[in-house]
Amino acid sequence: MAEKLTLEIITPEGFTFTETVDELTAPGTLGEFGVLPGHTGFITTLDSGPITYKIGNVAKTISVKDAYCQVSNDHVLVLADSAEIKE
């Protein structure tokens with residue numbers, strides 16, 4: 001089992017974000033969900049809202065609008081209408 005996840009976010013405007021993270025939470029259409037390394041694969045839709053990810057003890061946030069999310073083999077791919085890094 002891998003100890004990290006790869007988070008990748010892509011938008012039609014060309015925004016691309018890739019980061020190796022320890023865990024993340026996302027605003028699923030049916031409710032917020034979390035992903036840790038070794039998570040079972042799935043595909044879902046996301047509501048507009050924050051994706052919060054952790055690297056060590058540091059939490060960071062990217063807001064997405066209307067997105068799809070695929071989790072597979074410790075890789076989380078988010079295809080979003082838009083995304084914005086929150087400082």
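Residues numbered from 1 in each chain as written. Predicted model: local features only at pLDDT ≥ 70, side-chain atom pairs only at ≥ 80, totals over all residues. Heavy atoms only, no water.

Novice: For the overall build of the protein chain, give the residues involved together with the corresponding values.
Specialist: A count of helical and extended segments in the protein chain gives zero helices and eight strands. Along the protein chain, helices (α) and strands (β) appear in the sequence β-β-β-β-β-β-β-β when read from the amino end. Computed over C-alpha atoms, the radius of gyration of the protein chain comes to 12 Å, within 12% of the 12 Å expected from 2.2 N^0.38 for 87 residues, which places it in the range of a compact globule. The 87 residues of the protein chain split such that 33% are buried. Sequence separation of at least 24 residues holds for 45% of the intrachain contacts in the protein chain that already meet a minimum separation of 6. (Helix = DSSP H or I, 4+ residues; strand = E, 2+ residues; numbered from the N terminus. Rg over C-alpha atoms; globule rule 2.2 N^0.38 Å. Buried < 20%, exposed > 50% of the residue type's maximum accessible area, 1.4 Å probe, protein only. Contact = heavy atoms within 4.5 Å.)

Novice: If you had to explain the nonpolar core to someone new, which residues and values would you point to?
Specialist: Soluble globular proteins: nonpolar side chains tend toward being buried together. Residues Leu 7, Ile 9, Leu 24, Leu 46, Ile 51, Val 64 and Val 78 are the most contacted members of the largest nonpolar core, which totals 21 residues. Secondary structure elements with two or more residues in this core: β1 (5–10), β2 (16–21), β3 (23–28), β4 (31–35), β6 (49–55), β7 (58–72) and β8 (75–86). By residue number, the principal contributor to this core is β7, which donates five residues. Setting aside its immediate chain neighbours within four residues, Val 64 contacts Ile 9, Leu 46, Asp 47, Ser 48, Gly 49, Ile 51, Val 78, Ala 80, Ser 82 and Ala 83. (Core = buried A, V, L, I, M, F, W, Y, C linked by side-chain atoms within 4.5 Å.)

Novice: Please set out the environment of Gly 38 residue by residue, giving values where relevant.
Specialist: For Gly 38, the position within the fold is in the loop between β4 and β5 (42–46). Look at Gly 38 and you get partly exposed, because its relative accessible area is 45%. Put simply, Gly 38 and Ser 72 are 34 residues apart on the chain and 8.9 Å apart in space, counted from C-alpha to C-alpha.

Novice: Report on the pattern of salt bridges, specifying residues and quantitative values.
Specialist: With the rule as written, the count across this model stands at two salt bridges. Linking Lys 4 and Asp 22 is a salt bridge whose minimum nitrogen-to-oxygen distance equals 2.6 Å. Remark: Asp 22 occurs in the loop between β2 and β3 and Lys 4 occurs in the segment before β1; sequence separation between them is 18 residues. In this structure Lys 4 comes out as partly exposed when scored by relative accessible area, which is 38%. (Salt bridge = Lys/Arg side-chain N within 4 Å of Asp/Glu carboxyl O.)

Novice: Can you lay out the pairing of β6 for me, pointing to particular residues and giving the numbers?
Specialist: Taken residue by residue, a regular strand's side chains alternate between the two faces of the sheet. In this structure, β3 lies alongside β6, joined through three bridges in antiparallel fashion. Residue pairing across strands places Leu 24 opposite Tyr 53, the latter belonging to β6. Strand direction decides the pairing type here: β6 and β7, joined by seven bridges, are antiparallel. By the bridge assignment for β7, Pro 50 is matched with Ser 63. (Pairing = 2+ DSSP bridges.)

Novice: Let's hear about unusual backbone geometry: which residues, and what values?
Specialist: For Asp 66, which is not glycine, the phi torsion reads 45° and is therefore positive. Position of Asp 66 relative to the elements: it lies in strand β7. The exposure class assigned to Asp 66 is partly exposed, which follows from its relative accessible area of 40%. Positive phi is not limited to glycine here, since Asp 74 has a value of about 60°. Here Asp 74 lies in the loop between β7 and β8.

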